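# An overview of the molecular structure
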Amino acid sequence: MKIHSHFLTKNTGEPLFLKAETAWGALHKLQLPDFERLLDARKSLGFNAIHLQIVDREIGGSANFHGEEPFHNDDFSRPLEPYWRYADQFVEAITSREMIPVLATQWWGPGGWLPFLTPQNCTDFGRFLGERYAHLHDVLWIHAGDRSPYGGEQILARNLARALQNVAPNGLHTVHNGHEQPSAFWYHDDSDWLGINAAYTYDYAYKQVLAERGRSESPVYLIETGYEAEASGGRTDEAVYSPFYLRRQAWGAFLAGASGHAIGHHQIWQFKDDWMGALEAPGARSMQFLHELADELAWPTMKSDHENRIVRNSPRFGSKWYVSAAIGEDFFAAYLPQIQDLQLDGASVPFRDGFWLRAENGERTGARFDGEIVKAPRGWNGDAVLILR
C-alpha cells in the first residue's frame, strides 16, 4: 500500500480504495474463530480492511479475551509477551485473507490510555510495534484515538509514529482526533509521517472530505461517522443511525474524493452479546454495491461537482437531500438521497448511456441522458446512484 498523490495504490500501482469494518474491540472480546467468522463475512461483501484496537481500555478493560494484559503495570515501555502473541494471531488472520489491518496504537478517548502516556514510553512502544510488525507491507496505523490534543499531547502521537516509522517504514500513518476535527487540523506540520488525513464527522461527510481535499494533496479517509443502529445523541435528525445514514455518508465521501471509508455497527464494534446477528445488518450489506463500483470506476480521476456546475436541480449544498456528484475521465456519477429526475449540463457531460442503481439492494436498470435530463425509473423511491459512461 502506497500513497500516490491524493489517493492510495496497491504495491502493483493499481488504485486502492479502503473499505473498512470497525471491529475495534475484537482482540479484547472475541476468540480467534469468532473473529475469523467476522472477517469472512465482511470479505464476502467486498470489505478489504479491518479496524482493530491493538491495545484497549475503552471496551471492557485492557486485557484480551484470555485475561492477558498488554503491559506490566500499564507501562507502555514494558509489554507482556502472552498478550502480544494473541494479538499476532488476529493480525495474521486479517493479512492471510488479503485484507489490510488498520491498527489503533492507543486510545485517548473516554476511559483510554492518555493518563498512562509519556513521551518516552510512547517512543519505546513505537519501536516495539515497529520491530514486531516490520514484516507488514500493508498496514495503516491509527494514532491518538477519538480525542484531540487540547493539552498539547501531540508529542505523544508524534514520538510513537516516528519511532515506529523509523523501524518499519512500510506502514502508513494517520491520526484519529475528536469528531469534526480531521487529522490535519492538529497535525498539519507532520508530513514526515502523517500520510493519510482522517476525516471524522457526524455531519454530512461530503462537506468535511471536500474541505480536506482542498487543504492538501494527502489522501483523505473517512475514518469514522455514526454507527448503524446506534443512538445519534441528537447529532442528526435521526434518533438512531440508519442504513440510509451510512449510505449517504459513504457515497458522499466517495464522490467528494475520499480514498476510503470505514463503517460500523453498534453491536459489532463493542461485540455485544448479539453481535453475530448484526453481521447481516442492512447497512453493511448495502456497502457491497459501493465497493463493486469503486472497483469498476477510475475513481482517482473524479472531480467533484460540489459547485453544481453539472447538476442543475440539486437541493442546496449542506442539506440532507444534496446530490453528491463527480465526473471522471470516462464516467459521470451521482448519489441521490431521494431519487428524482436529474437535470444536467449537457456541455459538461459527454456520456449518454448508463444505469441507475438502488443504493439499498443493488438493483440496476438502464439510464439515458438526452442532453438535458435523466429520467428516474418509474416506481423507484429511496436513495439511488446514477452512472453514465
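Heads up: these notes are all about the structure in this document. (Residues numbered from 1 in each chain as written. Predicted model: local features only at pLDDT ≥ 70, side-chain atom pairs only at ≥ 80, totals over all residues. Heavy atoms only, no water.)

## With respect to the sheet that holds strand β2 (residues 7-9)
Across the sheet, which stays open at both edges, the three strands sit in the order β1-β2-β3 with antiparallel pairing between neighbours. Of all strands in the sheet, those with a lone pairing partner are β1 (2-4) and β3 (15-16), marking the two edges. In this sheet, β2 lies alongside β1 in antiparallel orientation, the contact comprising three bridges. Each residue of the ladder has a partner; that of Lys2, found in β2, is Thr9. (Pairing = 2+ DSSP bridges. Helix = DSSP H or I, 4+ residues; strand = E, 2+ residues; numbered from the N terminus.)

## Re the pairing of strand β13 (residues 324-327)
Neither face of β13 is open: one carries Ser324 and Ala326, the other Ala325 and Ile327, and all of them are buried. Across four bridges, β13 lies against strand β14 (residues 332-336) in antiparallel orientation. In the strand pairing of β14, Ile327 is matched with Phe332. The turn joining β13 and β14, which pair antiparallel and follow one another in sequence, is formed by four residues. (Buried < 20%, exposed > 50% of the residue type's maximum accessible area, 1.4 Å probe, protein only.)

## Things to note about the packing of aromatic side chains
Tallying each qualifying case throughout the model produces 33 aromatic pairs. Here the aromatic residues Phe71, Phe76, Tyr83, Trp84, Trp113, Phe116, Phe125 and Phe128 are joined through ring pairs into a cluster of three or more. The ring of Phe47 is capped by Arg42, whose NZ or CZ atom sits 5.6 Å from the centre of that ring. Positioned above the aromatic ring of Tyr202 is the side chain of Arg235, whose terminal nitrogen or guanidinium carbon lies 4.0 Å from the ring centre. (Phe/Tyr/Trp six-rings, centres within 6.5 Å; stacked < 30°, edge-to-face > 60°. Lys NZ or Arg CZ within 6 Å of the ring centre and 35° of its normal.)

## Concerning the nonpolar core
Phe35 and Trp84 are the most contacted members of the largest nonpolar core, which has 108 residues in total. Per-element accounting of this core gives the leading share, eight residues, to helix α3 (residues 81-95). Apart from residues lying up to four places away in sequence, Phe35 is in contact with Ala23, Ala26, Leu30, Ile50, Phe90, Ala93 and Ile94. Within the second largest apolar cluster, 21 residues are counted, among which are Ala325, Ala367, Phe369 and Leu386. (Core = buried A, V, L, I, M, F, W, Y, C linked by side-chain atoms within 4.5 Å. Contact = heavy atoms within 4.5 Å.)

## Regarding the pairing of strand β5 (residues 49-53)
Within β5, five of the five residues are buried, leaving the element largely enclosed by the surrounding structure. Residue alternation in β5 divides its side chains into two sets, Ala49, His51 and Gln53 and Ile50 and Leu52, and both sets are buried. Bridge analysis of strand β4 (residues 18-22) against β5 gives three bridges, and the strand direction is parallel. Note on β5: the bridge partner recorded for Glu21 is Ile50. Of the crossover connections in this fold, the one passing from β5 over α3 to the parallel strand β6 (residues 100-104) is right-handed. (Right-handed = clockwise from strand over helix to strand, strands pointing away.)

## Brief notes about the sheet that holds β14
Read across the sheet, six strands follow the order β12-β13-β14-β19-β16-β17 without closing on themselves; strand pairing throughout is antiparallel. In this open sheet, the two edge strands, each paired with only one partner strand, are β12 (303-304) and β17 (364-368). Strands in contact with helix α8 (residues 243-256) are β12, β13, β14 and β19 (384-388); relative to β14, the strand with the most contacts, it is inclined by about 155 degrees. (Axes fitted to C-alpha atoms, helices over the stretch in contact; angles between N-to-C directions.)

## A closer look at the packing of helix α7 (residues 205-215) against α8
In a packed pair of helices, the relevant descriptors are the angle between the two axes and the axis-to-axis distance. Relative orientation of the contacting elements α7 and α8 amounts to 20 degrees, with a least axis distance of 8 Å. In terms of their interaxial angle, α7 and α8 are classed as roughly parallel. For α7 against α8, the interelement crossing comes out right-handed. Contacts between α7 and α8 involve Ala205, Tyr206, Val209, Leu210 and Arg213 from the former and Gln249, Gly252, Ala253 and Ala256 from the latter. Grouping the constituent residues of the contact of α7 with α8 by class yields six nonpolar, two polar and one charged. (Parallel < 35°, antiparallel > 145°, perpendicular 65-115°, else oblique. Left-handed = near helix turned anticlockwise from the far one by under 90°. Nonpolar A, V, L, I, M, F, W, Y, C, P; charged D, E, K, R; others polar.)

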